[in-house]
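# Report on the structure
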Amino acid sequence: MVIVEVLSNSTKDYDRGGKFVAYRSIPELREYILIDQYSYHIEQFAKNSDGKWVLTEYDSAESGLTLESVEFQMPLSEIYERINFEVEEEVNEQISEIQE
């Protein structure tokens, strides 16, 4: 019913594109959650009663993620509780320099 992906810089485009197209062929799938590991940002795609996918985005620690297909609620501050975004930024900068 629910698929949750943690996005990385190398796979985020595929996760949002081709992979999501493939996942939508699963009749039981009701929600697709994409969690950005570099900032407070979660994308929630939920299938409505008309069979259309509706996007809701969460962008702050104060936001709360609520899944519609299963009983689940959690503030983003808890989802990202042990993430140090400053360290992640440094790692991303180093990777960019190596790739150049």
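Residues numbered from 1 in each chain as written. Predicted model: local features only at pLDDT ≥ 70, side-chain atom pairs only at ≥ 80, totals over all residues. Heavy atoms only, no water.

I33, I35, I42, Y58, L65, L67, L76, Y80 and F85 form the largest nonpolar core, which has 9 residues in total. Those residues in contact with L65 that sit more than four places away from it in its chain are I33, I42, Q44, Y58, F72, Q73, M74, L76 and I79. Listed in part, the 8 residues of the second largest apolar core include I3, Y23, L29 and F45. (Core = buried A, V, L, I, M, F, W, Y, C linked by side-chain atoms within 4.5 Å. Buried < 20%, exposed > 50% of the residue type's maximum accessible area, 1.4 Å probe, protein only. Contact = heavy atoms within 4.5 Å.)

What follows deals with the environment of F20. Following the sequence through the fold, F20 ends up in helix α2 (residues 18-23). Distance from F20 to I3, taken between C-alpha atoms, is 9.9 Å for residues 17 residues apart in sequence. Discounting residues that sit within four places of it in the chain, F20 has contacts with Y14, D15, Y32, F45 and W53. (Helix = DSSP H or I, 4+ residues; strand = E, 2+ residues; numbered from the N terminus.)

Attention shifts here to the sheet that holds strand β2 (residues 31-36). Pairing in this open sheet of 4 strands is mixed, and the strands run β1-β2-β3-β4 from one edge to the other. What marks the edges here is a single partner per strand, and that holds for β1 (2-7) and β4 (53-58). Neighbouring strand axes in the sheet, compared pairwise and without regard to direction, differ in orientation by 15° on average. Relative to strand β3 (residues 42-47), β2 runs antiparallel, the two sharing 5 bridges. Looking at the pairing, E31 lines up with A46 of β3. (Pairing = 2+ DSSP bridges. Axes fitted to C-alpha atoms, helices over the stretch in contact; angles between N-to-C directions.)

Turning our eyes to something else, we now look at the packing of aromatic side chains. Applying the stated criterion across every chain, the model contains 6 aromatic pairs. On the numbers, 4.8 Å between centres and 45° between planes, the contact of F20 with F45 is tilted. In this pair, F20 is assigned in helix α2 and F45 in strand β3, connecting sequence segments 25 residues apart. Given a relative accessible area of 4%, F20 falls into the buried group. Under the relative-accessibility criterion, F45 is labelled buried at 13%. Through a chain of ring-to-ring contacts, three or more aromatic side chains come together here, namely F20, Y23, Y32, F45 and W53. Against the face of F20 rests R24, its NZ or CZ located 4.7 Å from the ring centre. (Phe/Tyr/Trp six-rings, centres within 6.5 Å; stacked < 30°, edge-to-face > 60°. Lys NZ or Arg CZ within 6 Å of the ring centre and 35° of its normal.)

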